[in-house]
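The primary structure of each chain is shown beneath.
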There are 2 protein chains.
Amino acid sequence: MDIQLKRGILDACVLAAIKNDDSYGYQIIKDMKPYLELSESTLYTILKRLETAEMLTVRSQEHDGRLRKYYHITEKGRARIEEFRRDFQEILSIYQFITREETENE
Amino acid sequence: MDIQLKRGILDACVLAAIKNDDSYGYQIIKDMKPYLELSESTLYTILKRLETAEMLTVRSQEHDGRLRKYYHITEKGRARIEEFRRDFQEILSIYQFITREETENE
DNA sequence: TGTGACACATCGTATCACGAAGTATATCGC
DNA sequence: GCGATATACTTCGTGATACGATGTGTCACA
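Overview of the structure.

Quick notes on the rules
- Residues numbered from 1 in each chain as written.
- Chains lettered and ligands numbered in written order.
- Predicted model: local features only at pLDDT ≥ 70, side-chain atom pairs only at ≥ 80, totals over all residues.
- Heavy atoms only, no water.
- Near = heavy atom within 4 Å.
- Polar contact = N/O pair within 3.5 Å; in protein donor to acceptor, adjacent residues only side chain to side chain.
- Helix = DSSP H or I, 4+ residues; strand = E, 2+ residues; numbered from the N terminus.
- Nonpolar A, V, L, I, M, F, W, Y, C, P; charged D, E, K, R; others polar.
- Phe/Tyr/Trp six-rings, centres within 6.5 Å; stacked < 30°, edge-to-face > 60°.
- Least-squares fit on C-alpha atoms with pLDDT ≥ 70 in both.
- Contact = heavy atoms within 4.5 Å.
- Salt bridge = Lys/Arg side-chain N within 4 Å of Asp/Glu carboxyl O.
- Core = buried A, V, L, I, M, F, W, Y, C linked by side-chain atoms within 4.5 Å.
- Buried < 20%, exposed > 50% of the residue type's maximum accessible area, 1.4 Å probe, protein only.

With respect to the protein's contact with DNA strand D
And step 1. Around DNA strand D there are 24 residues in total, and A:Arg7, B:Glu40, B:Tyr44, B:Arg68 and B:Lys69 lie nearest to it.
And step 2. Here DNA strand D approaches the protein such that, of its atoms within 4 Å, sugar and phosphate make up 70%.
And step 3. A distance of 2.8 Å separates a base nitrogen of DNA strand D from a polar atom in the side chain of A:Ser41.
And step 4. At a separation of 2.6 Å, a base nitrogen of DNA strand D approaches a polar side-chain atom of B:Glu40.
And step 5. Mapped by element, the contributors of at least two residues to the surface near DNA strand D are helix 1 (3–17) and helix 3 (40–52) of chain A together with helix 2 (25–32), helix 3 (40–52) and strand 3 (66–73) of chain B.
And step 6. By residue class, the composition of the surface near DNA strand D is seven nonpolar, seven polar and ten charged.

What follows is the structure in structure tokens.
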């Protein structure tokens, strides 16, 4: 998948991954894998950014002697998903523009 | 529109704007305006990049005493549009993932 | 004992959209 | 004739950001 195309959906995608249940980095990667592959360095960068933007909150919790950081979506985060949904409607009309075939003899 | 989301479609969009007929910078901006606003600095950067990538060719031509650079799409350019079309199918399924509502009581 | 899964972190790099500013010509109103 | 506006292309600097490489540490299993 083209990197530039990926860029636009990553934030919304990560937020969507924790939309229903809190989750942690490693799990998020596994959940998204069927749809979209992303490396750990990329994900943690995104999570940090979303935290700074107050779209999610973090809580550390030990699990089998290993640290896990659970991420919880905020209202701002949900709003971000909604914004993505709206933007995507525009994208769809641009997609039509890009892929339309020239009809008749103009 | 979110810049990151825009990034992914810009190249394909510009190529689509010259897909049927050769065109020049100023005209391309006007044609795309109903779908997508972009500044001159952005467009010319993209055109240069697409030329380097051999997705289009350029020919200078004088018009009313002013220089115009006409851009012509190549086979590689058309292939790029096709690639976009394929990638977009993936994007659609990710869109489903992002926007799906949790059903029943899980 | 070592290999692989789990889990998170940091650093450097390359890509890229865009605003700002510049150059130059043509047209139109006053 | 003069200023404003449209046409047309260019260059520079900056900020955002995905990702590979690399590192830290734990746990399970053979």
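A closer look at the packing of aromatic side chains
Two numbers describe a pair of aromatic rings. These are the distance of the centres and the angle of the planes.
And step 1. With the rule as written, the count across this model stands at eleven aromatic pairs over all chains.
And step 2. Feature note: the residues A:Phe84, A:Phe88, A:Tyr95, B:Phe84, B:Phe88 and B:Tyr95 constitute an aromatic cluster, connected by ring pairs.

Digging into the protein's contact with DNA strand C
And step 1. Around DNA strand C sit 24 residues, and of these A:Glu40, A:Tyr44, A:Arg68, A:Lys69 and B:Arg7 come closest.
And step 2. For DNA strand C, the fraction of protein-proximal atoms (within 4 Å) that sit in sugar or phosphate groups is 74%.
And step 3. Within the side chain of A:Arg68, an N or O atom sits 2.6 Å from a phosphate oxygen of DNA strand C.
And step 4. One nitrogen or oxygen atom from the side chain of B:Arg7 is found 2.7 Å from a sugar or linking oxygen belonging to DNA strand C.
And step 5. Of all the secondary-structure elements, those providing two or more residues to the surface near DNA strand C are helix 2 (25–32), helix 3 and strand 3 (66–73) of chain A together with helix 1 (3–17) and helix 3 of chain B.
And step 6. Class assignment of the residues belonging to the surface near DNA strand C gives a composition of seven nonpolar, seven polar and ten charged.

Considering the relation of the copies chain B and chain A
And step 1. Mapping chain B onto chain A calls for a screw motion: a turn of 180° about the axis and a shift of 0.0 Å along it, with 0.0 Å RMSD after fitting. In symmetry terms, the pair is related by a two-fold rotation axis.
And step 2. Looking at the interface residues of chain B, 97% of them are also at the interface in chain A, so both copies use one shared face.

Points about the pattern of salt bridges
And step 1. Using the criterion set out here, one finds twelve salt bridges over all chains in the structure.
And step 2. Across the pair A:Asp2 and B:Arg80 runs a salt bridge, and its minimum N-O distance is 3.8 Å. Residue A:Asp2 is found in the segment before helix 1, and its partner B:Arg80 is found in helix 4 (residues 75–99); the two belong to separate chains.
And step 3. Linking B:Asp22 and B:Arg59 is a salt bridge whose minimum nitrogen-to-oxygen distance equals 3.0 Å. You can see B:Asp22 sitting in the loop between helix 1 and strand 1 (23–24) and its partner B:Arg59 sitting in strand 2 (residues 56–63), a full 37 residues away along the chain.
And step 4. The structure contains a network of salt bridges with shared partners spanning A:Asp2, B:Arg80 and B:Glu83.

Quick look at the nonpolar core
And step 1. Membership of the largest hydrophobic core comes to 62 residues, with the highest contact counts inside it found for A:Met32, A:Phe84, A:Ile98, B:Met32, B:Phe84 and B:Ile98.
And step 2. Excluding its chain neighbours within four sequence positions, the residues that come into contact with B:Ile98 are A:Ile9, A:Ala12, A:Cys13, A:Ala16, A:Lys19, A:Ile81 and A:Phe84.

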